[in-house]
Amino acid sequence: MQHSGTVNCLAFHGSHLLSGSDDGTICVYQCGSWECQKILKSHTAGVIQLSVHPSGVLALSVSRDKTLKTWSLITGKPVHTVNLQTLPDSVIWNTDGSSYAILSGREILIFQPHSGKPVRSYTSVKRIVTCKFLSPTLLAYGGEDKNVTVVEIEENNVQTLQGHQARVKSIDFVKADVQGHFLLVSISSDGEIKIWALSDTKHDLVGGMQLHNHRPVCMCVYTGEKIIRQAVQYPRPHPETPGG
């Protein structure tokens, strides 16, 4: 590792691994040889989180210097900086790279690339711990209110997935066989896992399990999806009746 401070975040993309550190730098490594190919320098304080654009050409980083930077991974230079009002917790691109979200405390701000002002904002009564884009316009988040909230950004439709008895620590998903449907998996700090069948307008709790004597802090869903999807029956659209 090239860093002189604690590594706070990692992000894989293709054949590369990016790491962000308390020393304010981001390193880009070639997977396999693990050679550091670039060191991205511009932040004046520790890097908290980073996210790579789906194209692999750009990356976002948020820092304790209260800035968000957009980086060219071709040149290793910052191409855009946004000054933030509050200390950020996380940043994530949506699934097609047309917008991104910044999480800070009880608020999520949605930005478009090269825009210094948010186009949407969502606030919770309690601290938000985790957020995830399921599609370009479908955002899920959860935290200390013990719920998972799912927002369709364009239509501003909101669903509240209730059932956890402790703070929601992490969210992940897999795409379903039915277009526009997902399996969303959430885990809470008491070790409870819930699986939801989800679209942009409705949801059903379809499974889950309890991890005993564990205090989870994060979770990732295996994306070899067939085993998970075989256990869930999704409602399929009925063919239209002629003349109906």
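The following refers to the structure shown. (Residues numbered from 1 in each chain as written. Predicted model: local features only at pLDDT ≥ 70, side-chain atom pairs only at ≥ 80, totals over all residues. Heavy atoms only, no water.)

Taken across its five residues, strand 11 (residues 107-111) has four buried, putting it largely inside the fold. Summarising the sheet, strand 10 (residues 100-104) and strand 11 pair through five bridges and their orientation is antiparallel. Across the sheet, residue Tyr100 finds its bridge partner in strand 11, namely Phe111. Turn length for the strand 10-strand 11 hairpin, with the two strands adjacent in sequence and antiparallel, is two residues, and the turn residue Gly105 shows positive phi of about 65°. In this sheet, strand 12 (residues 120-123) lies alongside strand 11 in antiparallel orientation, the contact comprising four bridges. By the bridge assignment for strand 12, Leu109 is matched with Ser121. (Buried < 20%, exposed > 50% of the residue type's maximum accessible area, 1.4 Å probe, protein only. Helix = DSSP H or I, 4+ residues; strand = E, 2+ residues; numbered from the N terminus. Pairing = 2+ DSSP bridges.)

Paired through their backbone hydrogen bonds, the strands of a sheet run either parallel or antiparallel. Read from one edge of the open sheet, four strands run 9-10-11-12, paired in antiparallel fashion. Two strands close off the open sheet at either side, each with one partner strand: strand 9 (90-93) and strand 12. Averaged over neighbouring strand pairs, the angle between their axes works out to 15° when direction is ignored. (Axes fitted to C-alpha atoms, helices over the stretch in contact; angles between N-to-C directions.)

Moving on to the sheet that holds strand 4 (residues 36-41). Strand order in the open sheet made by the four strands is 1-2-3-4, with antiparallel pairing throughout. One side of each edge strand has no neighbouring strand; the edge strands of this open sheet are strand 1 (7-13) and strand 4. Neighbouring strand axes in the sheet, compared pairwise and without regard to direction, differ in orientation by 20° on average. Bridging between strand 3 (residues 25-30) and strand 4 involves five bridges; their strand directions are antiparallel. Paired with Ile26 across the two strands is Leu40, which belongs to strand 4.

Taking burial as the measure, the six residues of strand 2 (residues 16-21) include five buried ones, the bulk of the element. Strand direction decides the pairing type here: strand 1 and strand 2, joined by six bridges, are antiparallel. Counterpart to His13 in the pairing with strand 2 is His16. Taking the residues that link successive antiparallel strands as the turn, the strand 1-strand 2 hairpin has two residues, and the phi of Gly14 there is positive, at about 60°. With five bridges joining them, strand 2 and strand 3 adopt antiparallel strand pairing. Pairing of Leu17 across the sheet is with Tyr29, part of strand 3. Counted along the chain from strand 2 to the antiparallel partner strand 3, the turn is three residues long, and its residue Gly24 has a positive phi close to 85°.

A few words now on the packing of aromatic side chains. With the rule as written, the count across this model stands at three aromatic pairs. Measuring from centroid to centroid gives 5.4 Å for Tyr100 and Phe111, while their planes differ by 10°, and the two rings are stacked. One end of the pair, Tyr100, is in strand 10; the other, Phe111, is in strand 11, with 11 residues separating them in the sequence. A relative accessible area of 1% means that Tyr100 is categorised as buried. What makes Phe111 buried here is its relative accessible area of 2%. Arranged with centres 5.8 Å apart and planes meeting at 75°, the rings of Phe173 and Phe182 form a pair that is edge-to-face. (Phe/Tyr/Trp six-rings, centres within 6.5 Å; stacked < 30°, edge-to-face > 60°.)

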